[in-house]
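# Structure at a glance
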Amino acid sequence: MALSLQRYTRPDEINNFTHLLKQRNMELKQKSMLITLEKIDCYLPDNLIIEILSRLSVKDLLQFKSVCKSWFEIISSPIFVSKHLTNYYNNNDEWRGCLLAQFYLPRGEIQLYELLVDETETPRVLDYDILSNMPMYCSYVWGPCDGLYYVYQHDPERRALWNPAINELKKLPEIIRKPDFPSEFGYAWYEVSGFGFDRLTGDYKVVVMKGYSDINFKHPLSVLVYSLRTNSWRYCGDLAKGYDLENNTCYIYVNGCCYWLGSFEFSCELIISFDMSNDTFKEIDVPDYAQPSSKCLAVYDDSLVFLSLHWTKNLDIWTWSEGCWTKKFSVGPLPRVWGPVGHWKDNRIVLQSRPGELVLYHPDTQETEELEFENSMQCKGVYAYMESLVSIKDKNEAGQQSEEN
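Parameters and conventions
- Residues numbered from 1 in each chain as written.
- Predicted model: local features only at pLDDT ≥ 70, side-chain atom pairs only at ≥ 80, totals over all residues.
- Heavy atoms only, no water.
- Helix = DSSP H or I, 4+ residues; strand = E, 2+ residues; numbered from the N terminus.
- Buried < 20%, exposed > 50% of the residue type's maximum accessible area, 1.4 Å probe, protein only.
- Contact = heavy atoms within 4.5 Å.
- Areas by Shrake-Rupley, 256 points an atom, 1.4 Å probe, with all protein chains shown as cover.
- Axes fitted to C-alpha atoms, helices over the stretch in contact; angles between N-to-C directions.
- Parallel < 35°, antiparallel > 145°, perpendicular 65-115°, else oblique.
- Left-handed = near helix turned anticlockwise from the far one by under 90°.
- Arc of directions from axis to C-beta.
- Pairing = 2+ DSSP bridges.
- Core = buried A, V, L, I, M, F, W, Y, C linked by side-chain atoms within 4.5 Å.
- Salt bridge = Lys/Arg side-chain N within 4 Å of Asp/Glu carboxyl O.
- Phe/Tyr/Trp six-rings, centres within 6.5 Å; stacked < 30°, edge-to-face > 60°.
- Lys NZ or Arg CZ within 6 Å of the ring centre and 35° of its normal.
- Polar contact = N/O pair within 3.5 Å; in protein donor to acceptor, adjacent residues only side chain to side chain.
- pLDDT = per-residue confidence, 0-100.

Looking at an unreviewed UniProt entry, one finds the chain named F-box domain-containing protein, with Heracleum sosnowskyi as its source organism.

Right, dumping it as structure tokens:
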């Protein structure tokens, strides 16, 4: 199911009338643009047409594919897809208004919410939708990486890559076992995952670390990496030590690496990084933060940050640069805040106060803004929504999907 930002219209809510009007004006503008582009197609050079198209939304481009054969070829080409990723997101703020939030249900299920945030004045959730019809219901989500998401469903164990903007889902093959491992030992249910892009090979990769169910001995986590290019898993060895790692509560992929909080022998806290280009791990010491704390990793200015909210209700933001931690901010007290859950656009930090209630904090202005969205569940992760034309299907799969549609 593709995400749709066009469904948030409730006539009984006066606050949504402005949004509805804006939406209709935008649709008229899009139709007018299409008519104009069709008329000038014969007069503009190809490079200028490509430049114009690369600044439009994915929804528009999917419609414009049917204008003519030349436009279809332009929009489908890998070079244009890459150009669109750069131009659209550098010159368009409309895509930024959507936030995905993941919550634990009392019965142990995972529920994904799509929050439409109105930012014309004070940021607030204009409306929301439960993505109960997503391709793999009750699944964990990592992403986006160029508009792609990795989704994992524990029971039954299924994995997939998902591009909701173009309605593509690619189920991943069954994960492999560690070679020469005793057959009587199966995988433990727990695992940690990451998803990112290998810049050297131009390949999207999923990394999964899994342990084994052996009550007599704790085996180090095995590292398994999926490559979209080969559509296969490979075993990349075991972690050097018996780390206890926490799954990311928000998407932590920055500068070609994935990161996880963890510990060794229940006392030594640390961060583990995985480089997507050379499949190597590194240990990073955590900053000297005040304990006890509610903490998580996030991204700030395209760098790894460590967020810590300690018992005084002060929020510390540490940035990782050139091999060392620097305390960038220390703000508070924030009396109603329980802890950090991630990051969003413009370096804003997402906090949680009371179960399910989300708060935005902007370090530059030191202002907190309630999103006026709450429920009785605990938020376990936030993710930005990002559209792209990046396809996860090979030519045969794409052809089959076209026939099915």
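As a further point, take the overall build of the chain. Looking only at helices and strands, the chain has 6 helices and 25 strands in total. Relative to its 405 residues, the chain shows a buried fraction of 50%. For the chain, contacts bridging at least 24 residues in sequence account for 51% of all contacts bridging at least 6. Carbon and sulfur atoms make up 50% of the accessible area of the chain, which amounts to about 20100 Å² in all.

To continue, consider the packing of helix α2 (residues 46-53) against helix α4 (residues 69-76). For any two helices packed against each other, one specifies the inter-axial angle together with the distance between the axes. One way to put it is that α2 packs onto α4 with a least axis distance of 11 Å and a crossing angle of 60°. Between α2 and α4, the crossing angle belongs to the class labelled oblique. Note on packing geometry: the crossing formed by α2 with α4 is right-handed. Touching I49, I50 and L53 of α2 are W71, I74 and I75, all from α4.

The next subject is α4. Residues of α4 that are buried: W71, I74 and I75. The buried side chains of α4 occupy one side of the element, clustering within an arc of 90° when seen end-on.

Take the pairing of strand β8 (residues 187-198) next. Side-chain direction in a regular strand flips from residue to residue, so the side chains alternate between the two faces of the sheet. Alignment of β8 against strand β9 (residues 203-212), held across 9 bridges, turns out to be antiparallel. Directly across from F195, in β9, lies its bridge partner V206. From the end of β8 to the start of β9, which pair antiparallel, there are 4 residues, and G202 there has a positive phi angle of about 65°.

Ranked by size, the top nonpolar core spans 66 residues in total, and within it L53, Y150, L161, F195 and V206 carry the most contacts. Once residues lying within four places of it in the same chain are set aside, the contact partners of V206 are Y150, L161, L172, G194, F195, L224, V225, Y226 and W233. Within the second largest apolar cluster, 33 residues are counted, among which are V117, L261, V341 and V382.

Time to look at the pattern of salt bridges. Two side chains bearing opposite charge may form a pair once their charged atoms approach each other closely. With the rule as written, the count across this model stands at 13 salt bridges. Two residues, K327 and D316, come together in a salt bridge whose shortest N-O distance is 3.9 Å. Separated by 11 residues along the polypeptide, K327 in strand β20 (residues 324-331) and D316 in strand β19 (residues 315-321) bring together distant segments of the chain. Classification of D316 as buried rests on a relative accessible area of 3%.

A complete count under the given rule lists 15 aromatic pairs for this structure. Ring centres 6.5 Å apart and planes at 35° place the aromatic pair F195 and Y204 in the tilted group. An aromatic cluster of three or more residues is present, and its members are Y140, W142, Y150 and Y152. Here the guanidinium or amino end of K241 rests over the ring plane of F264, the centre of that ring lying 5.1 Å away.

Looking now at the environment of D198. Here D198 shows up in strand β8. Accessibility expressed as a relative area gives 1% for D198, which makes it buried. The spacing of D198 and N278 is 80 residues in sequence and 8.6 Å in space, taken between C-alpha atoms. Sequence-distant contacts of D198, defined by excluding residues within four places in its chain, comprise D203, K205, M276 and S277. A polar contact of 2.9 Å, which involves the side chain of D198, links it to the side chain of K205. A polar side-chain atom of D198 sits 3.2 Å from a polar atom in the side chain of S277.

Low-pLDDT stretches of the model should not have their predicted coordinates read in fine detail. In the predicted model, the chain carries a mean pLDDT of 78, and the fraction of residues at 70 or more is 76%. Counting interchain partners and residues more than four positions distant, the pLDDT-below-50 stretch residues 1-18 has 41 contacts. This model gives residues 398-405 a pLDDT under 50, and the stretch forms 4 contacts once residues within four places in sequence are excluded.

This paragraph deals with the sheet that holds strand β5 (residues 148-153). In space, the 4 strands of this open sheet follow the order β4-β5-β6-β7, with antiparallel pairing throughout. Lying at the two open borders of the sheet, with one neighbouring strand each, are β4 (140-145) and β7 (168-171). On average, each strand axis in the sheet is tilted by 20° relative to the strand beside it, whichever way the strands run. Where β4 lies against β5, 4 bridges are found, and the strand directions are antiparallel. Bridging from a neighbouring strand, V141 pairs with V151 of β5.

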